[in-house]
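Single-letter residue listing:
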Amino acid sequence: MNGANMDDLVDLLGRWASGRGPLYLLLAARLRALIDDGVLAPDTTLPPDRALARRLAVARGTVVAAYELLQQEGRVTRRQGSGTRVAPMELPATRTADGVVANPLLQHILHPPDGVRLLTCAAPYGPPAELLEAYQEAAGRLSSRSDLGYHPAGLAELREELAAYYRGRGLPTTASEILVTTGAQQALTLLTGLLVSPGDTVLTESPTYPGALEVFRHAAAVVRPLSLAGPGGALAGADLARERAALVYAVPTASNPAGSVMAAGDRRRLARLAAEHDVPLIDDEVCAELCFSGETPPPVASYAAGEQVITVGSLSKLVWGGLRIGWIRASAPLISRLARLRAVHDLGGETLGQLAAAALLRRLEEIRPARVRALREGHDHLCALLREHLPSWSFQPALGGQTLWVRVPRGDVDSFSQVALRHGVAVPPGRAFDPLGGHAEHTRLHFLFGREELSAAVRDLAAAWQAYDGTRRAASRHALIV
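The shown structure was predicted, so the numbers you read here are calculated from the model rather than taken from an experiment.

A. Molecular detail of the sheet that holds strand β11 (residues 326-329). Judged by pairing direction, the sheet is mixed, and its seven strands sit side by side in the order β5-β11-β10-β9-β8-β6-β7 without closing on themselves. Two strands lie at the open edges of the sheet, namely β5 (178-181) and β7 (222-225), each paired on one side alone. Within the sheet, the average angular offset between the axes of one strand and its neighbour, ignoring direction, is 20°. Of the pairings in the sheet, the one linking strand β8 (residues 247-250) to strand β9 (residues 281-284) comprises three bridges and is parallel in character. Within β9, the position partnered with valine 248 by the bridge is leucine 281.

See below:
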């Protein structure tokens, strides 16, 4: 008999409370779907009433009523002393529990919201005018092509534009050192598939980008935290030697989730450690062009003497998430191996988008300032809103990127996120960003909405916090009257 892990179950429940109707019916409906889909297998022990109620921030009666309804339907069995278990059922032949994604951020992508403001998914809302213009230019160039259109390493034109981009940042690069991918997520997946075997250790910062954690876990790697900057950096060498890591992953520029920027000295030490321990290091630069200073720091590979540093980039945050163009900058032999691996999966990306990406890179100096200016305005507005409506929450202003890393003063965000959903706003729990599931008292908030929608989202958060926190503050009540 297996027991359902509380954290995993809460993730799988997702936005269960965001619909209409009594909470016990909404909870029962989501549990019913998980049982019918085979995600909660027969004989799985469900959490006790009180424990699940506490985690979901609802009354115990809500969980009891949901369980009893499922018992009446024959989906669970409840016996005193043995708890609540999923009843034996024959799964439909078309359903499978394989590949279920428990990450709450990905759940919100897989299951689009209805009437809920998502502060979970940080990507630009809508394509900019420059993207349409780039596609129009690309369409004009498409008619002159006379090839099969299969380019596992990417179009030669785009690879050369990317090589020139890195040369312009002081990092000598040739087109043979560039692999174009379907977004940075595929870049991480390809690198992990090539460099990491089941049981290998991958070291990451904490907190870090949860999409990377999902990739590493899917590869059956052991993911552990590593301090890479500041006073803790001195410990990194000992950690690397002890762990015998197969891979190190870092987001040193406009980091996700904190929006921090690693100092030059820490970048140099990071490159040196990778060389000394002969361990591949992924420098995730997806948000590197979004520094509020207007200056993009050098890639970590600029400080590297060897070939251990691998750089990953993308246009998804600078331009639009729907433009699925990412890339890897690495040694030519590694790029060749990655291209062969990529060919097994999809033979290469679509041509029109790559031609558009090349056009956008030629206009980078025009596109970046406007994007950074809009992000800085959103950042400052969100900071002001939090100080006004949620003064007990703490955070450090970001130096770039799209998100703030915020700490709540009491409780945990797993429970609070359930209350926030009932107030029409979704926030991610901090443990999704931690390789060991820590940071339960943190959440990540993006500032990509327009001013009015961002203001409304924070007012909803303040109302949810007042309901969750159970306190009354005159200032907060006044702020919620709009």
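That was the structure; now back to the text.
B. Here's a closer look at the packing of aromatic side chains. Taken as a whole, this structure holds 10 aromatic pairs when the rule is applied. Aromatic side chains tryptophan 393 and tryptophan 465 sit 5.7 Å apart centroid to centroid with 90° between the ring planes, which places their arrangement in the edge-to-face category. Note that tryptophan 393 is positioned in the loop between α14 (364-389) and β12 (394-395) and tryptophan 465 in helix α16 (residues 451-469), a separation of 72 residues in sequence. Overall, the relative accessible area of 2% leaves tryptophan 465 in the buried class. Seen in terms of ring centroids, tryptophan 465 and tyrosine 468 are 5.5 Å apart; in terms of plane orientation they differ by 40°. Their pairing is tilted. Linking tryptophan 465 with tyrosine 468, this pair stays in helix α16, spanning three residues, or about one helical turn. Taken together, the ring pairs in this structure connect Trp393, Phe416, Trp465 and Tyr468 into an aromatic cluster.

C. Inspection of the pairing of β9 at higher detail. Side-chain alternation along β9 places Leu281 and Asp283 on one buried face and Ile282 and Asp284 on a second face that is also buried. Handedness of the β8-helix α11 (residues 264-276)-β9 crossover: right-handed. For β9 and strand β10 (residues 309-314), the ladder comprises four bridges, and the chain directions are parallel. If you follow leucine 281 over to β10, its bridge partner there is valine 309.

D. How the structure looks around a nonpolar patch on the surface. Nonpolar side chains collect at one region of the surface, where Leu148, Tyr150 and Leu347 lie side by side and expose about 370 Å² of accessible area between them. Within the secondary structure, tyrosine 150 sits in the loop between α6 (129-142) and α7 (156-168). What makes tyrosine 150 exposed here is its relative accessible area of 54%.

E. Region of the structure containing the confidence of the model for the protein. Mean pLDDT over the protein: 88, with 90% of residues reaching 70 or higher. Counting contacts from residues 90-101, a segment whose pLDDT is below 50, to residues more than four positions away or on other chains yields 17 contacts. Contacts of residues 472-482 to residues separated by more than four positions or lying in other chains number 15 contacts, the stretch itself having pLDDT below 50.

F. Representation of the sheet that holds strand β3 (residues 83-86) within the structure. In space, the three strands of this open sheet follow the order β1-β3-β2, with antiparallel pairing throughout. The open sheet is flanked by β1 (45-46) and β2 (76-79), the only strands paired with a single partner. Note: β1 against β3, two bridges, orientation antiparallel. When the sheet's bridge partners are listed, leucine 46 is paired in β3 with threonine 84.

G. Geometry of the environment of leucine 190. Note that leucine 190 resides in helix α8 (residues 183-195). Judged by its relative accessible area of 4%, leucine 190 falls in the buried class.

H. Fine view of the nonpolar core. Counting 108 residues, the largest nonpolar core has Ile328, Leu386, Trp393 and Leu461 as its most contacted members. Look past the residues within four positions of isoleucine 328 in its chain and what remains in contact with it is Glu177, Ile178, Leu179, Thr181, Ala187, Leu191, Ile310, Thr311, Val312, Ile335 and Leu338. Formed by 26 residues, the second largest nonpolar core is a distinct cluster that contains Met6, Leu52, Leu56 and Val58.

I. Representation of the packing of helix α1 (residues 6-13) against helix α3 (residues 49-56) in the model. Between α1 and α3, the least distance of the axes is 11 Å, while the angle of their chain directions is 55°. By the angle between their axes, α1 is oblique relative to α3. α1 and α3 meet at a crossing whose hand is right-handed. Residues Met6, Asp7, Leu9, Val10 and Leu13 of α1 lie in contact with α3, whose contacting residues are Ala51, Leu52, Arg55 and Leu56. Looking at the contact of α1 with α3, its residues break down into seven nonpolar, no polar and two charged.

Thresholds, definitions, all that
Residues numbered from 1 in each chain as written. Predicted model: local features only at pLDDT ≥ 70, side-chain atom pairs only at ≥ 80, totals over all residues. Heavy atoms only, no water. Pairing = 2+ DSSP bridges. Helix = DSSP H or I, 4+ residues; strand = E, 2+ residues; numbered from the N terminus. Axes fitted to C-alpha atoms, helices over the stretch in contact; angles between N-to-C directions. Phe/Tyr/Trp six-rings, centres within 6.5 Å; stacked < 30°, edge-to-face > 60°. Buried < 20%, exposed > 50% of the residue type's maximum accessible area, 1.4 Å probe, protein only. Right-handed = clockwise from strand over helix to strand, strands pointing away. Patch = residues over 30% accessible without salt bridge, like charges linked within 9 Å, V, L, I, M, F, W, Y side chains within 5 Å. Areas by Shrake-Rupley, 256 points an atom, 1.4 Å probe, with all protein chains shown as cover. Salt bridge = Lys/Arg side-chain N within 4 Å of Asp/Glu carboxyl O. pLDDT = per-residue confidence, 0-100. Contact = heavy atoms within 4.5 Å. Core = buried A, V, L, I, M, F, W, Y, C linked by side-chain atoms within 4.5 Å. Parallel < 35°, antiparallel > 145°, perpendicular 65-115°, else oblique. Left-handed = near helix turned anticlockwise from the far one by under 90°. Nonpolar A, V, L, I, M, F, W, Y, C, P; charged D, E, K, R; others polar.

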